[in-house]
Amino acid sequence: AKADADAKAKADAEAKAAAEQQAADEAAKAQAEQERQKAEEAMRIASQEKARLEAERKAAQQAPKAEQSPANDNPPPAKPKANPFTVDNLLKSLE
């Protein structure tokens, strides 16, 4: 009877240890999955940020070109006619 009780106690202890080990394994697996998801999210955010910065860089490179092109198309301003407010014109108007 004592041998049976010892065997049963040993079996119960082994079952409890196995259950605890399984629970620990499942918890570690869940934590690893959570960390993997966080890493994936961080990579996704980093990828979006990189794409945004690249788009801004390209836009910044194209903006000066867009500003220069119309300036080249415009002719230089016509020279103004003689200034009516010169000293000579003033003296003539006083005569």
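Counting of residues starts from 1 at the beginning of each chain's written sequence and follows it residue by residue. Since the coordinates come from a predicted model, pLDDT governs what is reported: local features require at least 70, and pairs of side-chain atoms require 80 or more to be given and counted, while whole-chain, interface and lining totals use all residues. With hydrogens and water set aside, each side-chain value is computed from the structure's full complement of heavy atoms.

Here we take up the overall build of the protein. Helix and strand counts for the protein come out as two helices and zero strands. Out of the 95 residues in the protein, the part that is buried amounts to 0%. Areas reported here follow the Shrake-Rupley algorithm with a probe of radius 1.4 Å; residue values treat only the protein chains shown as occluding. Surface exposure of the protein reaches about 9000 Å², of which carbon and sulfur atoms provide 59%. Strands here are runs of E lasting at least two residues and helices are runs of H or I lasting at least four, both read from the DSSP assignment and numbered beginning at the N terminus. Classification of residues uses two cut-offs on accessible area relative to the type maximum, computed with a 1.4 Å probe and protein chains only: under 20% is buried, over 50% is exposed, and between them is partly exposed.

The next point concerns the pattern of salt bridges. The term salt bridge refers to a pairing of a side-chain nitrogen on Lys or Arg with a carboxyl oxygen on Asp or Glu at a separation within 4 Å. For the structure on display, the rule yields eight salt bridges. Two residues, Arg36 and Glu40, come together in a salt bridge whose shortest N-O distance is 2.3 Å. Here Arg36 and its partner Glu40 are both found in helix 1 (residues 2–73), four residues apart, which amounts to about one turn of the helix. When its relative accessible area of 37% is taken as the criterion, Arg36 is described as partly exposed. Relative accessible area serves as the criterion here: at 44%, Glu40 is assigned to the partly exposed category. For Glu56, the salt bridge goes to Arg52, with nearest N and O atoms at 2.5 Å. Taken as a pair, Glu56 and Arg52 lie in helix 1 at a separation of four residues, close to a single helical turn. Owing to a relative accessible area of 38%, Arg52 belongs among the partly exposed residues under this scheme.

A contiguous nonpolar surface patch, about 430 Å² in accessible area, is contributed by Val87, Leu90, Leu91 and Leu94. Judged by relative accessible area, which is 49%, Leu90 ranks as partly exposed. Patches draw on residues past 30% relative accessible area with no salt bridge. Two like charges within 9 Å are joined, as are two nonpolar side chains (Val, Leu, Ile, Met, Phe, Trp, Tyr) within 5 Å.

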